[in-house]
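Examining the three-dimensional arrangement
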Amino acid sequence: MTFYKHLVLITFLALGILLVGCSSKNSEFFILNPTTFANIQQHSTCRQTIMVERVKIPGYIDKPEIVTRINPNQLIQAEFHRWGEPLSGNISDVIAENLSQQLAQDRILTYPRLTTSPINYYLTLKVNQFDVDSAGLSILKVTWTLYNQHRKLIMTRNPSYCFYARDPNNYTDITHAMNNNLAALSSDLALHLRRLGCSR
């Protein structure tokens, strides 16, 4: 009887170790990064201070896990592939850095405001969709609005951008495709801001 008790105990211990080993997979963490833009044209116009306010994102991607879209009505959260920081702030920082490069100036600010200098333009962005489907297609749909220093509306746009991940099952490729979407958005924003005299 004692032998069988020991055998059962050893069996449970072995199963417990096996289950712990199976569930101890390390998570991988990702962030979106600014793009290095080539052949940026220099413009001799006045410098302005631009505030990129915190980007609003939909609740379904406002999570630590990276979300992929299986079909129009079904999403999957990647248990072991996560954002290294809150996605909203990461997007704001990337857009601000991209604009700083494209407008060749360092007066692109992000919320919270850490300057007493007057703000010439306020840029608000609301992300309506930002995910990758099972084929690796990354879609960004956004509404952005530009206000002057008195918070009066200058313009608003609702663009969409699409880029494919080279490997739809590789999260490095997935986040690279998402980076491409932000780079395209930043280029459009820079074009409009440049027309208002927001570059050097």
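So, a few notes on the structure that sits alongside this text. (Residues numbered from 1 in each chain as written. Predicted model: local features only at pLDDT ≥ 70, side-chain atom pairs only at ≥ 80, totals over all residues. Heavy atoms only, no water.)

Moving on, we come to helix α3 (residues 171-195). If you check α3, its first and last C-alpha atoms are 37 Å apart, about what 25 residues at 1.5 Å a residue would give, namely 36 Å. In this structure Asn170 caps α3, since a side-chain oxygen of it lies 2.8 Å from the backbone nitrogen of Thr172. Two residues or fewer after α3 comes Gly197, characterised by a positive phi angle close to 80°. (Helix = DSSP H or I, 4+ residues; strand = E, 2+ residues; numbered from the N terminus. Expected span 1.5 Å × (residues − 1). Polar contact = N/O pair within 3.5 Å; in protein donor to acceptor, adjacent residues only side chain to side chain.)

With that settled, the discussion passes to the packing of aromatic side chains. The description of an aromatic ring pair uses the distance of the two centres, along with the angle that the planes make with each other. Under the counting rule described, the total for this entry stands at 1 aromatic pair. Ring plane angle 40° and centroid distance 6.3 Å describe the contact between Phe30 and Tyr171, whose orientation is recorded as tilted. In this pair, Phe30 is assigned in strand β1 (residues 28-30) and Tyr171 in helix α3, connecting sequence segments 141 residues apart. You can call Tyr171 buried: its relative accessible area is 15%. (Phe/Tyr/Trp six-rings, centres within 6.5 Å; stacked < 30°, edge-to-face > 60°. Buried < 20%, exposed > 50% of the residue type's maximum accessible area, 1.4 Å probe, protein only.)

With 3 bridges connecting them, β1 and strand β4 (residues 74-83) associate as parallel partners. Across the sheet, Glu28 pairs through a bridge with His81, a residue of β4. Two elements, strand β3 (residues 65-71) and β4, share 5 bridges in a ladder whose sense is antiparallel. If you follow Glu65 over to β4, its bridge partner there is Arg82. Where β3 folds back onto β4 in an antiparallel hairpin, the turn is made up of 2 residues. (Pairing = 2+ DSSP bridges.)

Another aspect to go through is the nonpolar core. Nonpolar side chains in soluble globular proteins tend to end up buried together. Ranked by size, the top nonpolar core spans 44 residues in total, and within it Leu32, Ile91, Leu99, Leu125, Phe130 and Leu185 carry the most contacts. Of all the secondary-structure elements, those providing two or more residues to this core are β2 (50-52), β3, β4, α2 (87-102), β6 (121-133), β7 (137-148) and α3. Looking at this core, the element that brings in the most residues is α3, giving 10 residues. Every residue in contact with Leu185, bar those within four places of it in the chain, is listed here: Ile95, Leu125, Leu140, Val142, Trp144, Pro159 and Tyr161. (Core = buried A, V, L, I, M, F, W, Y, C linked by side-chain atoms within 4.5 Å. Contact = heavy atoms within 4.5 Å.)

Checked against the element boundaries, Ile91 lands in helix α2. Placed 36 residues apart in sequence, Ile91 and Val127 show a C-alpha to C-alpha distance of 9.8 Å.

What follows deals with the environment of Leu193. Relative to the helices and strands, Leu193 is located in helix α3. Given a relative accessible area of 3%, Leu193 falls into the buried group. When near neighbours in sequence (up to four residues on either side) are disregarded, Leu193 contacts Ile50, Leu99, Leu103, Leu146 and Cys198.

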